[in-house]
Amino acid sequence: MDHPVIGIHQPECFPWLGFIAKALDSDVFILLDDVQFEKNYFQNRNRLPGANGPYWLTVPTRNTGRSSQTLGEIVIANSVNPRWRDKQLASWTQSYASAAYLGEQLPFLKQLYARPWDRLLDFNLEVIRHLFAAFGVGARVALSSNIKCTGKSSEKLLNLCQATGAKTYLSGISGRDYLDESIFTAAGIRIAYQDFRHPIYKQRSQPFEPCLTAFDLLFNEGTERARSILRDPSFPRLDKAFT
């Protein structure tokens, strides 16, 4: 793949393995924080394993009457739900009480929830930094709001690629449904589509549940093995491609 490779993704909350894999394949990874916030999407929640199947862990946000706010502007609803941090830490502890690497990951989560977060973006960035360090992501990370590119949809993505010197834009597989490939071709930028195949690793219950937060792999397999599992294409994987 030609370099530099630019990956662009919204800064998810407790992102899944596909998010980490895209960053691993990028030279520059742009977090799209100046787009409109979508409540109860992956921007402020993700799934943890539970006794009765996966359940959503959601960071409460204060966005009533603020439908036009960007992700970077959204604040956490601390006054509405003052105990949300204590409750979420308890959820992590319960979900992974018997996980082999509970002691490796729980200290970070305790530190995370001990801090008085205001903006959702800052909370998400702290989690993303930890996960990138755990999985050995070497890409330079940038916020789209700091690059200050105009445009919508494909045009904005192209402008971000040009601003960061991209030779290749790494898109999620769903980009095939909405990207205007012609404007990238005209600009001399190649589009590569991520074909992420979810690894099958050790979980406490069966059948295997894909697309949980990337912490699930860390809790169950540990950091060193988690890195190998995510990078090794020969490791057992699901046949289905995920976005």
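Please refer to the structure placed before this passage.
Before going into details, it helps to say that this report is about the structure given with it. Note that the structure is a prediction, hence the values are computed from the model and not measured. (Residues numbered from 1 in each chain as written. Predicted model: local features only at pLDDT ≥ 70, side-chain atom pairs only at ≥ 80, totals over all residues. Heavy atoms only, no water.)

1. Some details on the overall build of the chain
Working step 1: Helix and strand counts for the chain come out as nine helices and eleven strands.
Working step 2: Along the first, second and third principal axes, the C-alpha atoms of the chain reach 55 × 50 × 25 Å.
Working step 3: Across the 243 residues of the chain, 53% fall into the buried class.
Working step 4: Approximately 11600 Å² of the chain is accessible, and the part contributed by carbon and sulfur atoms is 48%.
Working step 5: One finds the centroid of the 28 positive side-chain charges in the chain at a distance of 5 Å from the centroid of its 24 negative side-chain charges. (Helix = DSSP H or I, 4+ residues; strand = E, 2+ residues; numbered from the N terminus. Buried < 20%, exposed > 50% of the residue type's maximum accessible area, 1.4 Å probe, protein only. Areas by Shrake-Rupley, 256 points an atom, 1.4 Å probe, with all protein chains shown as cover. Lys, Arg positive; Asp, Glu negative; His and termini not counted. Charge placed at Lys NZ, Arg CZ, Asp CG, Glu CD.)

2. Regarding the packing of helix H2 (residues 84-95) against helix H3 (residues 102-114)
Working step 1: At a closest axis distance of 9 Å, the pairing of H2 and H3 adopts a crossing angle of 170 degrees. The orientation of H2 with respect to H3, classified from their angle, is roughly antiparallel. Counting all contacts with H2, which are made through Trp84, Arg85, Gln88, Leu89, Trp92 and Thr93, the residues of H3 involved are Leu106, Leu109, Lys110, Tyr113 and Ala114.
Working step 2: Residues that form the contact of H2 with H3 fall into these classes: seven nonpolar, two polar and two charged. (Axes fitted to C-alpha atoms, helices over the stretch in contact; angles between N-to-C directions. Parallel < 35°, antiparallel > 145°, perpendicular 65-115°, else oblique. Contact = heavy atoms within 4.5 Å. Nonpolar A, V, L, I, M, F, W, Y, C, P; charged D, E, K, R; others polar.)

3. Overview of the nonpolar core
Proteins that are soluble and globular tend to have nonpolar side chains buried together.
Working step 1: Residues Phe14, Trp92, Leu109, Tyr113, Phe123, Phe135 and Phe215 are the most contacted members of the largest nonpolar core, which totals 56 residues.
Working step 2: Contributions of two or more residues to this core are made by helix H1 (17-24), strand E2 (28-31), H2, H3, helix H4 (120-135), helix H8 (215-221) and helix H9 (223-231).
Working step 3: Here this core gets ten residues from one element, more than from any other, and that element is H4.
Working step 4: Excluding anything up to four places from it in sequence, Trp92 contacts Phe14, Leu48, Leu57, Leu109, Tyr113, Thr213, Phe215 and Phe219. (Core = buried A, V, L, I, M, F, W, Y, C linked by side-chain atoms within 4.5 Å.)

4. Some thoughts on the packing of aromatic side chains
Working step 1: Enumeration over the complete set of coordinates arrives at 21 aromatic pairs.
Working step 2: Arranged with centres 6.0 Å apart and planes meeting at 80 degrees, the rings of Trp84 and Tyr113 form a pair that is edge-to-face. Taken together, the positions of Trp84 in helix H2 and Tyr113 in helix H3 put the pair 29 residues apart, joining distant regions of the chain. As far as burial versus exposure is concerned, Trp84 and Tyr113 are alike and both buried.
Working step 3: With a centroid separation of 5.6 Å and 65 degrees between ring planes, the pair formed by Trp84 and Phe123 is classed as edge-to-face. Within this pair, whereas Trp84 is found in helix H2, its partner Phe123 is found in helix H4, the two being separated by 39 residues in sequence. Side by side, Trp84 and Phe123 carry an identical accessibility label, which is buried.
Working step 4: Taken together, the aromatic side chains of Phe14, Trp84, Trp92, Tyr96, Phe108, Tyr113, Trp117, Phe123, Phe215 and Phe219 make up a single cluster linked through ring pairs. (Phe/Tyr/Trp six-rings, centres within 6.5 Å; stacked < 30°, edge-to-face > 60°.)

5. Let's talk about the pairing of strand E1 (residues 5-9)
On any regular strand, side chains alternate: one points to one face of the sheet, the next to the other face.
Working step 1: With five of five residues buried, E1 is to be regarded as a mostly interior element.
Working step 2: Burial along E1 is two-sided: Val5, Gly7 and His9 and Ile6 and Ile8, pointing in opposite directions, are all buried.
Working step 3: Pairing of E1 with strand E8 (residues 168-171) involves three bridges; the strand directions are parallel. Looking across to E8, one finds that Val5 is bridged to Thr168.
Working step 4: Bridge analysis of E1 against E2 gives four bridges, and the strand direction is parallel. Paired with His9 across the two strands is Leu31, which belongs to E2.
Working step 5: The parallel pair E1 and E2, bridged by H1, forms a crossover whose chirality is right-handed. (Pairing = 2+ DSSP bridges. Right-handed = clockwise from strand over helix to strand, strands pointing away.)

6. Side note on the sheet that holds strand E7 (residues 140-143)
Working step 1: Reading across the sheet, the five strands line up as E7-E2-E1-E8-E9 and stay open at both edges, with parallel pairing between neighbours. Unpaired on one side and paired on the other, E7 and strand E9 (190-193) mark the two borders of the sheet. When the angles between neighbouring strand axes are averaged without regard to direction, this sheet yields 25 degrees.
Working step 2: Pairing of E2 with E7 involves four bridges; the strand directions are parallel. Within E7, the residue paired with Val28 across the bridge is Arg140.
Working step 3: Its contacts with the sheet place H1 against E1, E2 and E8, and it is angled at close to 135 degrees to E2.

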